[in-house]
Amino acid sequence: MDLLDRDCILAELTEAARAALHRLEVHPILDSTNRYLMAGAQAEWPSGVVCLAEQQTAGRGRQGRSWLTPFGASLACSLLWRFALHPAALSGLSLATGIAVARALQNAGVAEVGLKWPNDVWWRERKLGGILLESGGASGDFYVVAGIGVNVSLPRQEAAIIDQPWVDLQEILVGESIARNSLVARLISELLETFLHFAQGGFADLAAEWARFDQVKGRRVSLHLPNATVVGIARGVDATGALLLETADGEIKPYIGGEISLRVEA
Ligand code: ATP
């Protein structure tokens, strides 16, 4: 098994990423890399701390769901970043994080990587990775912890608890060996560069790239809101990252992420 090696990863980061990185921590086991960095953020850790874990015992998904991360079988990576921007300017950051992950995977040879709004990483409509952004602090000193999970080679028995279609890189890249250290170095580099970029231009600069990875555009979808479900045709996203949904009356309305789950209708 190719274990994560901090020195190898640091050596493969891009220069821009190395300059933006404050510290890289590699842990054998954590409950959750996001929980760990959220605690660090509350203890005044600076922007640019990245944390990896070989295993998460309580990996987090959105809205209290869990994310499976067996030892050495995935990439579990979180980044702490502080923004001087108003929190409202950060809409679209979780989509931007998805773009960073999709780029890293595409560069690693995953030709059909796609994104399902707001933040699932898909391959042929199966879940290859997930993204969870958590945040805190006050306007002007706002922090975000961006967590990413990517399946590399999930043991089938443990993965049996996943209640939706999923896939791992081992199945996609049949026969190729997967160098987790190189892959995670690409992932961290893309992530740091995307966050640097986002602090300047927000999501508007990335909207065209989202369209390239968007797997739901033009499809009939249902949006599950906390108290209602709406059905319509997905028409891409706007400059803030909101999903544009065309309903039966022909009206197109934006929906902002948060607690919305999207499902593609048959
Ligand atoms: P949404 O569409 O709202 O994001 P989701 O069900 O995809 O909903 P997430 O919070 O993104 O929710 O991810 C958690 C869900 O992902 C779990 O409930 C489980 O169904 C699935 N899951 C958990 N671990 C994995 C994994 N390693 N690979 C793929 N899917 C997983």
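Not measured: the values here are computed from a predicted model.

### Concerning the overall build of the chain
Broken down by element type, the chain carries eight helices and 12 strands. Relative to the compact-globule value of 18 Å for 266 residues, the chain shows a C-alpha radius of gyration of 18 Å, a close match. In terms of overall dimensions, the chain has C-alpha extents of about 55 × 45 × 30 Å along its principal axes. Sorting the 266 residues of the chain into buried and exposed places 52% on the buried side. Sequence-distant contacts, at least 24 apart, represent 66% of the contacts inside the chain between residues at least 6 apart. As displayed, the chain has an accessible area near 11600 Å², and 51% of this comes from carbon and sulfur atoms.

### Some points on the pattern of salt bridges
For the coordinates displayed, the defined rule picks out 15 salt bridges. A salt bridge links R103 to E190; the nearest nitrogen and oxygen atoms lie 3.2 Å apart. Of this pair, R103 sits in helix α4 (residues 93-107) while E190 sits in helix α7 (residues 180-201), placing them 87 residues apart in sequence. E190 sits in the buried class, given a relative accessible area of 16%. The partner of E171 in a salt bridge is R126, with the nearest N and O atoms 2.9 Å apart. Here E171, found in helix α6 (residues 169-172), pairs with R126, found in strand β6 (residues 126-138); they are 45 residues apart in sequence, far enough to count as distant. Classification of E171 as partly exposed rests on a relative accessible area of 32%. What emerges from the salt-bridge pattern is a single network uniting R103, E190, E209 and R212.

### Focus on the sheet that holds strand β12 (residues 261-264)
Hydrogen bonds between backbone atoms are what pair the strands of a sheet, whose relative direction is either parallel or antiparallel. Strands sit in the order β11-β10-β9-β8-β12 across an open sheet of five strands; the sheet is antiparallel. The open sheet is flanked by β11 (252-255) and β12, the only strands paired with a single partner. Each strand of the sheet is rotated relative to its neighbour by a mean of 45°, with strand direction disregarded. Bridge count between strand β9 (residues 229-237) and strand β10 (residues 243-246): three bridges; the pairing is antiparallel. Across the sheet, residue V237 finds its bridge partner in β10, namely L243.

### Description of unusual backbone geometry
In this structure, P118 follows W117 across a cis peptide bond, with omega equal to -5°. Looking at where P118 falls in the secondary structure, it is placed in the loop between β4 (113-116) and β5 (120-123). Its identity as a non-glycine residue notwithstanding, Q63 has a phi of 45°, on the positive side. Its place among the elements puts Q63 in the loop between β2 (49-56) and β3 (74-83). Backbone geometry at E125 places phi at a positive 65°, although glycine is not the residue there.

### Some remarks on α4
Between its terminal C-alpha atoms α4 stretches 21 Å, which fits the 21 Å expected from 15 residues at 1.5 Å a residue. In terms of burial, α4 is largely enclosed, as 12 of its 15 residues are buried. Of the residues one or two after α4, G109 is the one with positive phi, at around 105°.

### Some remarks on the environment of L192
Mapped onto the elements, L192 comes out in helix α7. Residue classification places L192 among the buried residues on the basis of a relative accessible area of 0%. Setting aside residues up to four positions removed in sequence, L192 forms contacts with A17, A20, L21, L79 and W81.

### Some words on the packing of aromatic side chains
Across all of its chains, the model carries four aromatic pairs by this definition. Their ring planes at 70° and their centres at 5.5 Å tell us that Y36 and W45 sit as a pair that is edge-to-face. With relative accessibility at 18%, the residue Y36 sits in the buried group. Centre to centre, the rings of F83 and F198 are 6.5 Å apart; their planes meet at 80°, and the pair counts as edge-to-face. Here the residue F83 occupies a position in strand β3, and F198 occupies one in helix α7, the gap between them amounting to 115 residues. R23 extends its terminal NZ or CZ atom over the ring of W45, reaching a point 4.5 Å from the ring centre. A cation over a ring is seen here: R212 above F213, with NZ or CZ 4.8 Å from the ring centre.

### As for the environment of E251
Mapped onto the secondary structure, E251 falls in the loop between β10 and β11. Overall, the relative accessible area of 42% leaves E251 in the partly exposed class. It is 9.7 Å that separates the C-alpha atoms of E251 and G232, two residues lying 19 residues apart in sequence. Filtering out sequence-adjacent residues up to four positions away, E251 remains in contact with L245 and E246.

Criteria and cut-off values
Residues numbered from 1 in each chain as written. Predicted model: local features only at pLDDT ≥ 70, side-chain atom pairs only at ≥ 80, totals over all residues. Heavy atoms only, no water. Helix = DSSP H or I, 4+ residues; strand = E, 2+ residues; numbered from the N terminus. Rg over C-alpha atoms; globule rule 2.2 N^0.38 Å. Buried < 20%, exposed > 50% of the residue type's maximum accessible area, 1.4 Å probe, protein only. Contact = heavy atoms within 4.5 Å. Areas by Shrake-Rupley, 256 points an atom, 1.4 Å probe, with all protein chains shown as cover. Salt bridge = Lys/Arg side-chain N within 4 Å of Asp/Glu carboxyl O. Pairing = 2+ DSSP bridges. Axes fitted to C-alpha atoms, helices over the stretch in contact; angles between N-to-C directions. Expected span 1.5 Å × (residues − 1). Phe/Tyr/Trp six-rings, centres within 6.5 Å; stacked < 30°, edge-to-face > 60°. Lys NZ or Arg CZ within 6 Å of the ring centre and 35° of its normal.

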